[in-house]
Amino acid sequence: MKVRPLKPVQFYRPCDPSALPFKTTDEVMSLDGALGQDRAMEAIRFGSATLAEGFNLFLYGPPGTGKFDIVHRFLSEKAAGEATPDDWVYVNNFDDTHKPTAMPLPPGRGLELKQAIHQTIDDIRAAVITVFESDDYRNRHQVLEESYRQDQQHAFDSLSEAAAAKNVALIMTPRGFALAPTRDGQVVGPDVFAKLEDAERERWQADIKELEKELEAIIATIPRRTKELRNKLQEMNREITAYVVDSHMSDLLTGFGGLPQVAVFVDAMRADLIDNIRTVLGMDGDAKADGSQLLSSMSSNGGAALGFGRYEVNVVVTNSPESGAPVIYEDHPTLGNLIGRIEHVEHMGALLTDFRMIKPGAFHLALGGYLLLDARQVLIQPFAWEALKRTIRGRCIKTESPGKYLTVIGTVSLEPAPIPHEVKIVLLGDPMMYYLLSAYDPEFSELFKVGADFGDRMERTPETEKRFSECIAMLVKKHNMRAFEKTAVARIIEYSAREAGDSERLSLELAKIKDLMHEADWIAGAENSNRVKRGHVEQALDAARYRKDRIRERSQEAIQRGDILIDTTSEKVGQINALSVLQIGGYSFGRPTRITARTWMGKGRVIDIEREVELGGSLHSKGVMILTSYLSSHFVPGTPLALAASLVFEQSYGGVDGDSASSTELYALLSALSDIPIKQSLAVTGSVNQHGLVQAIGGVNEKIEGFFDICQERGLNGEQGVLIPVSNVKHLMLRQDVVGAARKGRFRIYPVETISQGIELLTGVPAGIRRPNGTFKDGTVFAAVESRLLGFADAFRSFSKGSGSGGEMETRQ
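Owing to the predicted nature of the structure, the values given are computational and were not obtained by experimental measurement.

A word on the pairing of strand β1 (residues 57-60)
Stage number 1. Residues Leu 57 and Leu 59 line one face of β1 and the alternating positions Phe 58 and Tyr 60 line the opposite face, and both faces are buried.
Stage number 2. As paired elements, β1 and strand β16 (residues 424-429) share four bridges and run parallel to each other. Residue pairing across strands places Phe 58 opposite Leu 427, the latter belonging to β16.
Stage number 3. In terms of strand pairing, β1 meets strand β17 (residues 450-453) through four bridges, oriented parallel. By the bridge assignment for β17, Tyr 60 is matched with Asp 453.

Right under this line is the structure:
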């Protein structure tokens, strides 16, 4: 069948504004749900509802499809109706200060307990200081000390009297107590003592020895007596402190009745206060402070400055009673930001910490709710991915310092009690990351059992166009933009179809839609318009294209100036215009490329020069190999293919990949073999299979526009056009200047289904059909091709006989 060019109406599928039931987006109800993401939403609903272990969510899809906005909006609405989780606080473990205790409290009670404890401790501190500085306390203290001193003095006085009766004096020296002989009340000197008679000297020595034993016995009782005094003082302090503490603790317990965990902590705090009150107050000058007390002494808080910081409450999670479940997004998921961190302060060259320096992470804030994380950000943070998996597996949050893993710093370490959690984890990433984790992390599939697959496009129907309008209205209201007229909305829908690369589909990459709307809104404001019109959207599209268009303009300029050789008129043998797409920084544009082919006698090999110099990718090489298969199956049946050929992308200095030029290369080969020229006013795109069927390719709009721009610059004459696969017709969403040229008959697009149709269009010569006798009709392209191939076969046989071997000789023709 003769191929007819497409009608201009097939170049572009517009959105009819009259089909949109509104004048501006102010009249449109905002989108309810997620646009075109039914599959993903079903997964999100299931994954967020089930409580089974491991059913966490991984949302994957192309960037810009609104994954975060969709799941955050859904979870926020769901969480608002769920129970508010408990508060969590850390308090001192008085039995082991390195292992702080975690304590749950009803929502909102954490801060209440912190304030109540702080006030109670302040009151106790003030009351105890008042008591310890009172005259009554000092009198009782002095009575005990005086009693101790009197008992001690009485013992020494008795010993001194007994010594005096024996003419021995008890004297105090810098080295302690000593006994010395006396005569007439005077101490006998060593010289006089040595001149005494032996009997008198021995008597004195015996008396002194006996008295020394008594002195030693008295001195030996001093530590015991001192301990007894200390115990009595401590018991007095405990008695006084207990009275003061109990009078204040009763009110505290009354305010938190029904919370046994608070009662346990208050009892432990009471016992510690009673046992250590003077140390906490800093009244024991010889008391040794541990790291926690050192930190307390450095605190700026009034109570903690005297050591009362050990009784504070560290609130790590607090929730308003009516707030519902939390939905937390952590945009910087380091180890500390995920599971919390333990801060330190420097003191005298050491890093010290205590329970008050435990800081919450995203897991703590999301307790009883939902935690959203960017998968890539988690993976690039040291230790974060393993910590995330460990926390999910263990179902508890264990706050640890990175120093524990690195072991490069010496610190006073803490081991906070783990906090159990019921947090639903939602990871967001691209499809490749999801597939790689599934393949290479054996734990991933057990911990993230629900995958939510976000599509990048949806079917385009009148109904979906209305839904898309609702989405546009939602974006307008969310970002406080001016109202969009229906014509502007229709243009945005058309742009979405172009972005999808399909007139029957709409792109769901809402980030691009939103950016376009913001720019159109800005243009409308610059023109003092209170509404965004179609013209504003067109200006925004033109402006965005202009900002990114420099490379395309340079490429077009090189062709127009003859630096890159592209013909758009005349006819050439073995030469054809192929169409390619370049993508730079997210911007795609088409550019024509010349392909040439040479043929000669050989052994059935088609040389892909791009592959030979390692500029061709595997897909391109596959396409070239298909050409050999096509030639072998369609021509000279029963005869070996004695062909050698070369194919090259002329003036191509970068890599070439993809098979979208395989039909173009085949046309060039057929032209070279048949010696029939190809019209240079036509360009071609499309892949081909072994049966000669032309297959769909990508980027068809950019490719057509790239060749159109060259032809327009040189002058459209009505002969120029492009051959595309018939299966690509539904993908056409071309620029309006291309559509306008087609309406005037100055540019054509031909939908091609087979190589036979394409070669007829390119050469103007019938392709040919094999007749019952096995030959092609003379005067056809295929007859000329087969004739050339038979000639190569005959020549190859002659050379083979003449050389005596089937050597490698090849003769160009």
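Examining the nonpolar core
Stage number 1. Core analysis: the largest hydrophobic core is formed by 60 residues, its most contacted members being Phe 484 and Phe 747.
Stage number 2. Elements with a contribution of two residues or more to this core: α16 (462-478), α17 (486-500), α18 (510-526), α19 (534-548), α24 (700-714), β31 (721-725) and α25 (736-743).
Stage number 3. Lining this core are residues from two domains, each supplying at least three of them: domain 1 (18-32 + 458-548) and domain 3 (565-803).
Stage number 4. Ile 595, Leu 647, Ala 672 and Val 688 belong to the second largest nonpolar core, which has 51 residues in total.

So, unusual backbone geometry
Stage number 1. In this model, Asn 480 sits at a positive phi of 55 degrees, which is unusual for a non-glycine residue.
Stage number 2. The topology assignment puts Asn 480 in the loop between α16 and β19 (483-484).
Stage number 3. Take Asn 480: its relative accessible area is 70%, and that puts it in the exposed class.
Stage number 4. Residue Val 636 is not a glycine yet carries a positive backbone phi of 40 degrees.
Stage number 5. Mapped onto the secondary structure, Val 636 falls in the loop between α22 (618-634) and β26 (643-649).

Description of the sheet that holds strand β7 (residues 314-317)
Stage number 1. Spatial strand order, β3-β2-β7: three strands in an open sheet with antiparallel pairing. Single-partner strands in this sheet number two, and they are β3 (101-105) and β7. Strand-to-strand twist across the sheet, computed as the mean angle between neighbouring axes with direction ignored, equals 30 degrees.
Stage number 2. With five bridges connecting them, strand β2 (residues 87-91) and β3 associate as antiparallel partners. Following the sheet pairing, Trp 88 is matched in β3 by Pro 104.
Stage number 3. Along the sheet face, helix α7 (residues 260-281) touches β2 and β3 and points at about 140 degrees away from the line of β3.

Focus: the side chain of Arg 460
Stage number 1. Looking at where Arg 460 falls in the secondary structure, it is placed in the loop between β18 (457-459) and α16.
Stage number 2. At 3.2 Å, the side chain of Arg 460 forms a polar contact with the backbone oxygen of Arg 13.
Stage number 3. Of the polar contacts made by the side chain of Arg 460, one reaches the backbone oxygen of Ser 503; its length is 3.3 Å.
Stage number 4. In this view, Arg 460 contacts Arg 13, Pro 14, Cys 15, Glu 465, Ile 493, Glu 494, Ala 497, Ser 503, Glu 504, Arg 505, Leu 506 and Met 733; residues no more than four positions away in its chain are not counted.

With respect to the environment of Ala 362
Stage number 1. In this fold, Ala 362 is placed in helix α10 (residues 362-365).
Stage number 2. What makes Ala 362 buried here is its relative accessible area of 1%.
Stage number 3. Sequence separation between Ala 362 and Tyr 329 is 33 residues; the distance between their C-alpha atoms is 7.8 Å.
Stage number 4. Once residues within four sequence positions are removed from consideration, Ala 362 is found in contact with Ile 328, Glu 330, Asn 337, Leu 338 and Leu 371.

Definitions and cut-offs
The residue count restarts for each chain, going from 1 along the sequence in the order it is written. Reporting of local features is limited, given that this is a predicted model, to residues whose pLDDT is at least 70; pairs of side-chain atoms are given and counted only at 80 or more, and all residues count toward the totals for whole chains, interfaces and linings. No hydrogens and no water enter the side-chain calculation; it runs on all heavy atoms of the structure. Only protein chains enter the accessibility calculation, which uses a 1.4 Å probe; a residue is then buried when its area is under 20% of its type maximum, exposed when over 50%, and partly exposed in between. Numbering of helices and strands runs from the N terminus; a helix is a DSSP stretch of H or I covering at least four residues, while a strand is a stretch of E covering at least two. Paired strands are those between which DSSP finds at least two bridges. Working definition of a nonpolar core: buried Ala, Val, Leu, Ile, Met, Phe, Trp, Tyr and Cys residues. They are joined through side-chain atoms within 4.5 Å. Residue ranges for the domains trace back to a domain assignment, done automatically or taken from a database. Fitted lines through C-alpha atoms serve as axes, helices being fitted only where they are in contact, and the angles separating the N-to-C directions of these axes extend from 0 to 180 degrees. A contact between two residues is defined here by any heavy atoms of the two lying within 4.5 Å. The definition of a polar contact used here is a pair of N or O atoms within 3.5 Å, where within protein one atom must be able to donate a hydrogen and the other to accept one, and adjacent residues in sequence count solely through side-chain atom pairs.

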